[in-house]
Amino acid sequence: RLIVTANAPIFGVDTNGRVNVWNQCAMRLVGYSSEEVMGHSLVQEFITEDYKAAVQTVLDQALQGAETENFEFPLITKNGVRIEVLLNATTRRDEQGNVIGVVGIGQDITARLAQEREYSKL
């Protein structure tokens, strides 16, 4: 329940990179319902072409137990808008300690990055 209602976009993928967690905040941010993303490849279907390899590397590292903090990457919303996300990715394990996937907690940093670009023009 905490993941579902958290005030941050949270998603999870299984060991094959297929979405198996998609909370309400992720739905509001990206525009896809959980029904539209569950079971689909996160990298192949929702990541921009220029970041697919980098995001796949982050997921692969998390599946090996190496967590990633503050990874920035773009997502394309259902409406075709590019948003910038800051991600922390961590390994998901079952009760026996077996790796069962990756959970990512994100933050929309689109406005912050736009503001930083404006300041740099001054």
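Look above for the structure.
Given the structure is predicted, the values throughout are model-derived calculations rather than measurements.

Visitor: Teacher, can you tell me more about the overall build of the chain here?
Guide: The number of helices and strands found in the chain is six helices and five strands. Computed over C-alpha atoms, the radius of gyration of the chain comes to 15 Å, within 12% of the 14 Å expected from 2.2 N^0.38 for 122 residues, which places it in the range of a compact globule. Each principal axis of the C-alpha distribution contributes one length, and for the chain these read about 55 × 30 × 30 Å. Residues counted as buried form 41% of the 122 residues belonging to the chain. Sequence separation of at least 24 residues holds for 37% of the intrachain contacts in the chain that already meet a minimum separation of 6.

Visitor: What is the right way to look at the packing of aromatic side chains in this model?
Guide: Each aromatic ring pair is characterised by the separation of its centres together with the angle its planes make. Under the definition given, this model contains three aromatic pairs. With centroids separated by 6.4 Å and ring planes inclined at 35 degrees, the aromatic side chains of Trp22 and Phe46 adopt a geometry described as tilted. With a gap of 24 residues between them, Trp22 in strand E2 (residues 19-22) and Phe46 in helix H4 (residues 42-46) connect regions that are remote in the sequence. Per residue, the accessibility class of Trp22 equals that of Phe46, and both read buried. Members of the aromatic cluster, connected to one another through ring pairs, are Trp22, Tyr32 and Phe46.

Visitor: How should I be thinking about the sheet that holds strand E5 (residues 99-108) in this particular structure?
Guide: By way of backbone hydrogen bonds, the strands of a sheet pair with one another, either parallel or antiparallel. If you walk across this open sheet you meet the five strands as E2-E1-E5-E4-E3, and the pairing is antiparallel. Two strands bound the open sheet, and with one partner strand each, they are E2 and strand E3 (68-76). On average, adjacent strands in this sheet sit at an angle of 30 degrees to one another, irrespective of strand direction. Strands strand E1 (10-14), E3, strand E4 (82-93) and E5 of the sheet are contacted by helix H5 (residues 52-63), whose axis makes an angle of about 140 degrees with E3. Sitting on the sheet, helix H6 (residues 110-121) touches E3, E4 and E5, and the angle it makes with E4 is about 130 degrees.

Definitions and limits used
- Residues numbered from 1 in each chain as written.
- Predicted model: local features only at pLDDT ≥ 70, side-chain atom pairs only at ≥ 80, totals over all residues.
- Heavy atoms only, no water.
- Helix = DSSP H or I, 4+ residues; strand = E, 2+ residues; numbered from the N terminus.
- Rg over C-alpha atoms; globule rule 2.2 N^0.38 Å.
- Buried < 20%, exposed > 50% of the residue type's maximum accessible area, 1.4 Å probe, protein only.
- Contact = heavy atoms within 4.5 Å.
- Phe/Tyr/Trp six-rings, centres within 6.5 Å; stacked < 30°, edge-to-face > 60°.
- Pairing = 2+ DSSP bridges.
- Axes fitted to C-alpha atoms, helices over the stretch in contact; angles between N-to-C directions.

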